[in-house]
Amino acid sequence: MSTLAVIPARYASTRLPGKPLVPVAGVPLVVRVLQNVRRCRRVDTVVVATDSSEVRQVVEAEGGLVEMTPPELPSGGDRVAWVARSRSEDVVLNIQVDDPLVGPDMVDPLVAALEEDPVLDLAVLAKRIERMEEVPDPHIVKMVFDGQGRALYFSRSPIPYPRNTGGVWFKHIGPYAYRRKFLLEFASWEPTPLERTESLEMLRVLERGHSIRCVPVERDTIEIDTPEDVKACERYLAEKGAFHGA
């Protein structure tokens with residue numbers, strides 16, 4: 001089974017202008033993500049999808065593959081699907097450019113889940129929440145799943161609701177792994193009511209009756225959206241090293 005990893009790298013960002021090229025410990029963010037994904041054993045090809053000639057130059061200087069995508073595409077998922085339409089790999093990974101700590105321990109298990117279950121079309125990561133302040137945070141996407149790891153719901157609200165003490169919460173982090181055919185179908189669907197309400201694409205999958213496998217992961221990540229996130233990631237790298245836990 002062949003695997004394509006796509007890193008959507010839109011240049012514009014309201015909170016962090018030019019985010020893909022922002023240096024993290026001296027390395028442009030997009031290059032750091034590219035280097036980490038190249039280390040994944042179950043990834044055959046990595047492509048950066050961007051609308052920026054500056055990003056293209058930086059990635060190509062690193063020896064990476066680039067696909068220029070239309071600037072009007074509304075989301076990173078649309079950029080991934082745009083690249084996948086002209087490719088033939090069986091599995092397509094959406095790797096966020098704001099995730100400089102992504103690594104094989106996050107990517108390879110997602111591909112393995114699709115390899116092991118021929119009926120499965122989509123797999124995502126589930127990380128147990130350790131900091132309780134993340135539970136009510138609407139920027140942290142919470143998730144609940146059944147005993148077989150199939151997603152029941154995703155929400156920006158605390159789920160399950162903490163009516164009693166001693167609860168356990170999980171959040172969605174990092175990459176997505178799709179079968180190529182399903183990704184192209186997904187990209188053709190109109191947004192669904194719950195998706196519009198929560199602004200979460202995974203709800204489009206659930207509302208249309210499809211399953212999502214939630215794969216547990218032990219290591220957390222730091223998403224880069226603000227200058228403060230950059231500083232937090234640099235502190236982590238100084239303490240743990242670039243590939244700690246990967």
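Remember, predicted model here, so these are calculated numbers, not experimental data. (Residues numbered from 1 in each chain as written. Predicted model: local features only at pLDDT ≥ 70, side-chain atom pairs only at ≥ 80, totals over all residues. Heavy atoms only, no water.)

Chemist: Go over the overall build of the protein with me, naming the residues and quoting the values.
Modeler: What the protein contains, in helices and strands, is eight helices and eleven strands. In terms of overall size, the protein behaves like a compact globule, its C-alpha atoms giving a radius of gyration of 17 Å where 246 residues would be expected to give roughly 18 Å. Dimensions of the protein, computed from the C-alpha atoms along their principal axes, are close to 55 × 40 × 35 Å. For the protein, with 246 residues in total, the buried portion stands at 50%. Relative to all contacts within the protein whose residues are 6 or more apart in sequence, the contacts with residues 24 or more apart total 66%. Of the accessible surface of the protein, which amounts to about 11,700 Å², a share of 49% is contributed by carbon and sulfur atoms. Computed over 31 positive and 37 negative side-chain charges, the separation of the two mean positions in the protein equals 2 Å. (Helix = DSSP H or I, 4+ residues; strand = E, 2+ residues; numbered from the N terminus. Rg over C-alpha atoms; globule rule 2.2 N^0.38 Å. Buried < 20%, exposed > 50% of the residue type's maximum accessible area, 1.4 Å probe, protein only. Contact = heavy atoms within 4.5 Å. Areas by Shrake-Rupley, 256 points an atom, 1.4 Å probe, with all protein chains shown as cover. Lys, Arg positive; Asp, Glu negative; His and termini not counted. Charge placed at Lys NZ, Arg CZ, Asp CG, Glu CD.)

Chemist: How would you explain the side chain of arginine 204 if you had to name every residue and give the values?
Modeler: The topology assignment puts arginine 204 in helix H7 (residues 202–207). Take arginine 204: its relative accessible area is 8%, and that puts it in the buried class. Polar contacts involving the side chain of arginine 204 include one to the main-chain carbonyl oxygen of phenylalanine 186, which spans 3.1 Å. Those residues in contact with arginine 204 that sit more than four places away from it in its chain are Phe186, Trp189, Glu190, Pro191, Thr192 and Glu195. (Polar contact = N/O pair within 3.5 Å; in protein donor to acceptor, adjacent residues only side chain to side chain.)

Chemist: If you had to explain the packing of aromatic side chains to someone new, which residues and values would you point to?
Modeler: Considering all chains together, one arrives at five aromatic pairs under this definition. Ring geometry for tyrosine 176 and tyrosine 178: centres 6.2 Å apart, planes at 20°, overall stacked. The pair tyrosine 176 / tyrosine 178 is uniform in exposure class, with both members buried. Here phenylalanine 182 and tryptophan 189 contribute two aromatic rings whose centre-to-centre distance is 5.7 Å and whose plane-to-plane angle is 80°, an arrangement assigned as edge-to-face. Note on phenylalanine 182: relative accessible area 3%, which makes it buried. For the cation-ring pair, arginine 204 lies above phenylalanine 186, with the distance from its terminal atom to the ring centre recorded as 4.4 Å. (Phe/Tyr/Trp six-rings, centres within 6.5 Å; stacked < 30°, edge-to-face > 60°. Lys NZ or Arg CZ within 6 Å of the ring centre and 35° of its normal.)

Chemist: Can you break down the nonpolar core residue by residue, with the values?
Modeler: Formed by 44 residues in total, the largest nonpolar core has its most connected members in Ile7, Val37, Val43, Leu93 and Ile95. Ignoring sequence-local partners within four residues, the contact set of valine 43 consists of Thr3, Ala5, Val37, Leu93 and Val107. (Core = buried A, V, L, I, M, F, W, Y, C linked by side-chain atoms within 4.5 Å.)

Chemist: Help me get a handle on the pairing of strand E8 (residues 142–145), residues and values and all.
Modeler: The pairing of E8 with strand E9 (residues 151–155) spans four bridges and is antiparallel. Residue pairing for E9: lysine 142 is matched across the bridge by serine 155. Connecting E8 to the antiparallel partner E9 that follows it, the hairpin turn spans five residues, and glycine 149 within it adopts a positive phi of roughly 85°. Of the strand pairs in this sheet, E8 and strand E10 (residues 170–179) are connected by two bridges, and their pairing is antiparallel. Looking at E10, one finds that methionine 143 is bridged to phenylalanine 170. (Pairing = 2+ DSSP bridges.)

Chemist: Help me get a handle on the layout of surface pockets, residues and values and all.
Modeler: Space inside the second largest pocket adds up to approximately 160 Å³. Looking at the second largest pocket, it is lined by 14 residues, and the ones nearest its centre are Ser75, Asp78, Ala187, Glu201 and Arg204. Within the residue set of the lining of the second largest pocket, elements represented by two or more residues are helix H3 (76–84) and helix H5 (180–188). Within the lining of the second largest pocket, the residues separate by chemical class into eight nonpolar, two polar and four charged. (1 Å grid on protein atoms, 1.4 Å probe; cavity = no way out; pocket = protein on both sides within 12 Å on 5 of 7 lines; lining within 4 Å. Points joined across faces, edges and corners; volume = space filled by probe spheres on them. Nonpolar A, V, L, I, M, F, W, Y, C, P; charged D, E, K, R; others polar.)

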